[in-house]
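Residues per chain are reported as follows:
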Amino acid sequence: MIDSTANIHPSSVIEEGAVIGANVHIGPFCFVGANVEIGEGTVLKSHVVVNGHTRIGKDNQIYQFASIGEVNQDLKYAGEPTRVEIGDRNRIRESVTIHRGTTQGGNVTKVGSDNLLMVNAHIAHDCVIGNRCIFANNATLGGHVTVDDFAIIGGMTAVHQWCTIGAHVMVGGCSGVAQDVPPYVIAQGNHATPYGINIEGLKRRGFSKEALHAIRNAYKLLYRSGKTLDEVKPEIEELAKQHSEVQPFYDFFARSTRGLIR
């Protein structure tokens, strides 16, 4: 079903069964598969492929040569009807690839809203991306990676499969992330190690001086006290009771499956 207000270039191919919302603009030489749904106001600039069981929300800007919802690169994949789900107001730049999920990984690759995926970024199968994240040029996620809200992944950075990147994290360019990165942390290097708290980012997002001080104290307990993780957990838990901003930092310990960067 194609809404009457949609603007589709005659050179583009829209398979029967695709759902194209109001005021969608599809430029020249695009391909939209039969099981695709594109929400109101979304723009496909040109030469964009959207395939598979893919749902794209409202007001997204998708630039030329992006490929969304195609067959993933997991050798176990056998053509199952797995999905890609994308939220609203994302900017997906040239040559970005977002692959469909696998049955082993929950069946879906998810991208939230208000994200910027720069040129040639790659979101592999079963990744879950939050809101307001930035992926710089050539940032690459392995399968099953989770990236929480407001995270920034630097250019030419690769994240190992199954890793979790916490909220408000900044990973420097040309890094290799092989373990989980707790919220608020700056990580850099190959393999990535912690370099303090993302203070400037947190200030821009309205964190108070008191909250920043508490988060910095939690970081010091984890990384500079010389104690083991089991030893510092009760202290960080107590700090979280006094400052709610520390709670995501403490909760991350239970979420981590690959161990924390050290």
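Remember, it's a predicted structure, so these values are computed and weren't measured experimentally. (Residues numbered from 1 in each chain as written. Predicted model: local features only at pLDDT ≥ 70, side-chain atom pairs only at ≥ 80, totals over all residues. Heavy atoms only, no water.)

Some thoughts on the pattern of salt bridges
Next, step 1: Counted according to the given criterion, the structure contains 10 salt bridges.
Next, step 2: With its nearest N and O atoms 3.3 Å apart, the salt bridge here joins Glu85 to Arg83.
Next, step 3: Glu85 gets classed as buried once you look at its relative accessible area, which sits at 17%.
Next, step 4: Between Glu94 and Arg93 there is a salt bridge; the shortest N-O distance is 3.1 Å.
Next, step 5: For Glu94, a relative accessible area of 18% translates into the label buried.
Next, step 6: Take Arg93: its relative accessible area is 27%, and that puts it in the partly exposed class.
Next, step 7: One network of salt bridges, with partners in common, ties together Arg55, Arg83 and Glu85. (Salt bridge = Lys/Arg side-chain N within 4 Å of Asp/Glu carboxyl O. Buried < 20%, exposed > 50% of the residue type's maximum accessible area, 1.4 Å probe, protein only.)

Some details on unusual backbone geometry
Next, step 1: The step from Asn190 to His191 runs through a cis peptide bond, and the omega angle for that step is 0°.
Next, step 2: Within the element layout of this structure, His191 appears in the loop between strand 27 (185-189) and strand 28 (192-197).
Next, step 3: One non-glycine residue, Asn107, adopts positive backbone phi at about 80°.
Next, step 4: Positive phi values are uncommon outside glycine, yet His144 reaches one of about 70°.
Next, step 5: Here His144 lies in the loop between strand 20 (140-141) and strand 21 (146-147). (Helix = DSSP H or I, 4+ residues; strand = E, 2+ residues; numbered from the N terminus.)

Describing the pairing of strand 15 (residues 108-111)
Next, step 1: Bridging between strand 12 (residues 83-86) and strand 15 involves four bridges; their strand directions are parallel. Of the residues in strand 15, the one forming a bridge with Glu85 is Lys110.
Next, step 2: Bridge count between strand 15 and strand 18 (residues 128-129): two bridges; the pairing is parallel. Among the inter-strand pairings, Lys110 is bridged to a residue of strand 18, identified as Val128. (Pairing = 2+ DSSP bridges.)

Observations concerning the UniProt feature "domain: UDP N-acetylglucosamine O-acyltransferase C-terminal" (unreviewed entry) in the protein
Next, step 1: UniProt records the feature "domain: UDP N-acetylglucosamine O-acyltransferase C-terminal" (unreviewed entry) at residues 180-261, using the numbering of this structure.
Next, step 2: Its end C-alpha atoms 6 Å apart, residues 180-261 is made of 54% helix and 13% strand. (UniProt positions renumbered as here; feature names shortened; annotations may be inferred.)

Some remarks on the packing of aromatic side chains
Next, step 1: Overall, the coordinates contain four aromatic pairs when judged by the stated rule.
Next, step 2: Centre to centre, the rings of Tyr184 and Phe207 are 5.9 Å apart; their planes meet at 80°, and the pair counts as edge-to-face. Of this pair, Tyr184 sits in the loop between strand 26 (176-177) and strand 27 while Phe207 sits in the loop between helix 1 (199-204) and helix 2 (209-223), placing them 23 residues apart in sequence. The same class applies to Tyr184 and to Phe207, which are both buried.
Next, step 3: Judged by centre distance (6.0 Å) and plane angle (75°), the ring pair of Phe249 and Phe253 falls under edge-to-face. One end of the pair, Phe249, and the other, Phe253, are both in helix 4 (residues 247-255), four residues apart, so they sit about a helical turn from each other.
Next, step 4: You can call Phe249 buried: its relative accessible area is 1%.
Next, step 5: Here Phe253 falls in the buried class, since its relative accessible area comes to 10%. (Phe/Tyr/Trp six-rings, centres within 6.5 Å; stacked < 30°, edge-to-face > 60°.)

Overview of the environment of Val32
Next, step 1: Within the fold, Val32 resides in strand 5 (residues 31-32).
Next, step 2: Spatially, the C-alpha atoms of Val32 and Glu16 are 9.4 Å apart, while their sequence positions differ by 16 residues.
Next, step 3: With sequence-adjacent residues up to four places away left out, Val32 is seen in contact with Val13, Ile14, Glu15, Ala18, Ile20, Ile26, Ile38, Leu44 and Val50. (Contact = heavy atoms within 4.5 Å.)

With respect to the sheet that holds strand 27
Next, step 1: Sheet architecture is open: 11 strands sit in the order 1-4-7-10-13-16-19-22-25-27-28, paired in mixed fashion. Two strands bound the open sheet, and with one partner strand each, they are strand 1 (7-8) and strand 28.
Next, step 2: Note that strand 4 (residues 25-26) and strand 7 (residues 43-44) share two bridges and pair parallel. Residue pairing for strand 7: Ile26 is matched across the bridge by Leu44.
Next, step 3: Strands in contact with helix 2 are strand 27 and strand 28; relative to strand 28, the strand with the most contacts, it is inclined by about 145°. (Axes fitted to C-alpha atoms, helices over the stretch in contact; angles between N-to-C directions.)

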